Amino acid sequence: MKLTGKVIKGIGGFYYVVAANALYECRARGLFRKQGITPLVGDVVDIEPTGEENVAFLCDVHSRTSELVRPAVANADQSMLIFAAARPDINFGLIDRFLANMTQQDMDTILCVTKTDLVDEDKLQSIIEIYDKAGYEIYPVCNKTGEGLDRILQVLKGKSTVLSGPSGVGKSSLIKNLIPHSEVEIGELSEKIGRGKNTTRHTELIELDNESTVYDTPGYSSIDLICNDETLLGDLFREFVPYIGECRFTGCSHISEPDCAVKNAVNDGIISSARYNSYKEMYSSIKARRKW
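The rules behind the values
- Residues numbered from 1 in each chain as written.
- Predicted model: local features only at pLDDT ≥ 70, side-chain atom pairs only at ≥ 80, totals over all residues.
- Heavy atoms only, no water.
- Helix = DSSP H or I, 4+ residues; strand = E, 2+ residues; numbered from the N terminus.
- Expected span 1.5 Å × (residues − 1).
- Buried < 20%, exposed > 50% of the residue type's maximum accessible area, 1.4 Å probe, protein only.
- Arc of directions from axis to C-beta.
- Core = buried A, V, L, I, M, F, W, Y, C linked by side-chain atoms within 4.5 Å.
- Contact = heavy atoms within 4.5 Å.
- Salt bridge = Lys/Arg side-chain N within 4 Å of Asp/Glu carboxyl O.
- Pairing = 2+ DSSP bridges.
- Phe/Tyr/Trp six-rings, centres within 6.5 Å; stacked < 30°, edge-to-face > 60°.
- Lys NZ or Arg CZ within 6 Å of the ring centre and 35° of its normal.
- Polar contact = N/O pair within 3.5 Å; in protein donor to acceptor, adjacent residues only side chain to side chain.

1. Here we look at helix α3 (residues 121-133)
Thinking step 1. Over its 13 residues, α3 runs 18 Å from end to end, which matches the ideal 18 Å to within 8%, given 1.5 Å per residue.
Thinking step 2. Buried within α3 are the following residues: L124, I127, I128, I130 and Y131. When α3 is viewed along its axis, its buried side chains cluster within an angular range of 150° and face the same direction. Of the residues in α3, the exposed ones pointing more than 90 degrees away from the buried face are D122 and D132.

2. Quick look at the nonpolar core
Soluble, globular proteins show a tendency: their nonpolar side chains are buried together.
Thinking step 1. Ranked by internal contacts, the top residues of the largest apolar core, which has 34 residues, are F83, L99, L111 and Y131.
Thinking step 2. Not counting residues up to four positions away in its chain, the partners in contact with F83 are I90, I95, L111, C112, V113, T114, I127, I138 and V169.

3. Notes on the pattern of salt bridges
Thinking step 1. Applying the stated rule across the entire model yields eleven salt bridges.
Thinking step 2. Its salt-bridge partner being E67, residue R64 comes within 3.0 Å of it at the nearest N-O pair.
Thinking step 3. Taking the relative accessible area as the measure of exposure, R64 reaches 27% and is therefore partly exposed.
Thinking step 4. A salt bridge links D259 to R248; the shortest N-O distance between them is 3.2 Å. Residue D259 is located in the loop between β15 (212-216) and α6 (261-267), and its partner R248 is located in the loop between β15 and α6; the two are separated by eleven residues in the primary sequence.
Thinking step 5. Classification of D259 as partly exposed rests on a relative accessible area of 47%.

4. Re the environment of F83
Thinking step 1. For F83, the position within the fold is in strand β8 (residues 78-84).
Thinking step 2. Under the relative-accessibility criterion, F83 is labelled buried at 2%.
Thinking step 3. As for F83 and G165, which are separated by 82 residues in sequence, their C-alpha atoms are 5.8 Å apart.

5. Some remarks on helix α2 (residues 92-104)
Thinking step 1. For α2, spanning 13 residues, the distance from its first C-alpha to its last is 18 Å, which sits close to the expected 18 Å at 1.5 Å a residue.
Thinking step 2. What α2 keeps buried is the set L94, I95, D96, R97, F98, L99, A100, N101 and M102.
Thinking step 3. Once α2 finishes, D106 follows within two positions and takes phi at roughly 55°, a positive value.

6. Considering the pairing of strand β11 (residues 160-164)
The side chains of a regular strand alternate between both faces of the sheet.
Thinking step 1. Most of β11 sits inside the fold, with five of its five residues counted as buried.
Thinking step 2. Burial of the side chains of β11 extends over both faces: S160, V162 and S164 are buried on one face and T161 and L163 on the other.
Thinking step 3. Note that β8 and β11 share four bridges and pair parallel. Bridging across to β11, M80 finds its partner in L163.
Thinking step 4. Bridge analysis of β11 against β15 gives four bridges, and the strand direction is parallel. By the bridge assignment, S160 is partnered in β15 with T213.

7. Notes on the packing of aromatic side chains
The geometry of an aromatic ring pair is captured by the separation of the ring centres together with the interplanar angle, meaning the angle of the planes.
Thinking step 1. The full count for this structure, using the stated rule, is seven aromatic pairs.
Thinking step 2. Note on Y279 and Y283: the rings are 5.9 Å apart at their centroids and 45° apart in plane angle, and the pair reads as tilted. Here Y279 pairs with Y283, and both are found in helix α7 (residues 273-291), just four residues apart, close to one helical turn.
Thinking step 3. Y279 sits in the buried class, given a relative accessible area of 1%.
Thinking step 4. Of the residues examined, Y283 reaches a relative accessible area of 12% and is grouped as buried.
Thinking step 5. Through a chain of ring-to-ring contacts, three or more aromatic side chains come together here, namely F237, F240, Y276, Y279 and Y283.
Thinking step 6. Sitting over the face of the ring of Y16, K9 holds its NZ or CZ atom 5.4 Å from the ring centroid.

8. Concerning the side chain of D96
Thinking step 1. Along the polypeptide, D96 turns up in helix α2.
Thinking step 2. If sequence neighbours within four positions are ignored, D96 has contacts with Y131, A274, R275, S278 and M282.

9. Looking at the pairing of strand β1 (residues 3-11)
Thinking step 1. With four bridges connecting them, β1 and strand β4 (residues 44-49) associate as antiparallel partners. Directly across from K6, in β4, lies its bridge partner V44.
Thinking step 2. Taking the residues that link successive antiparallel strands as the turn, the β1-strand β2 (residues 14-19) hairpin has two residues, and the phi of G12 there is positive, at about 55°.

10. Side note on the environment of Q104
Thinking step 1. If you trace the backbone, Q104 turns up in helix α2.
Thinking step 2. Counting along the chain gives 54 residues from Q104 to T50, while the straight-line C-alpha distance between them is 40 Å.
Thinking step 3. Look past the residues within four positions of Q104 in its chain and what remains in contact with it is I226, C227 and L236.
Thinking step 4. Polar contacts involving the side chain of Q104 include one to the main-chain amide nitrogen of C227, which spans 3.2 Å.

Worth remembering: the numbers are spatial, not functional.
Structure (structure tokens):
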């Protein structure tokens, strides 16, 4: 007898599937390897119990509404990038690489800035302004006081959301506040290096309520770009898009050419200089990578 369920976690070749109000430990049939199919967290699947308690074979993966490569999850509706206002310091390059990857994968992304109690209002507003100019929704939250959690709950309502962020930004604390019944481990911040202990070692799907779920993903200190053609990078910066094609030169790189509409927008304060600096760093890294 086959059951239909959802993959909530995958570790070491085992897939953990919730089906018929029970959690099953599953191995994928050899057919998956032959067909080059890898089950992902979030997949709706068919499983066949073996007769051993809560053990089954994973037999089939249903069609996906979405699929992300980084992080590798299926059937997400949106992603939320979580980063701290301080401790650790903001790494704009890391944030912007994540946003570029999500844009390339056609995944809507919202932003959450945590630890708002560690900075003054002017500093917080300067952070918000950078991404507001870029056209992103950004939500400040304080895990200690709970300020802003109600707005986070609203944007997660009725969605399957990938929660992602650098190590130590308070993602686990946020999940614990949002879902008190979750078993997510809370890590201690390392005072010595100013980074958090990465307590999430695998991606896991957690139910927020009957109609909302979140994917808890491991923290990171670096991100590889999916984009491998620097000439396409400008399209991944949403605030650049209105200016692409308005430059003096066709195929403008928006770096060294004169009469560049993107650079003019930066000089006029329409596009954030922090975002533009991220673009230049990414452009150089992609170009260098192609030469290897």
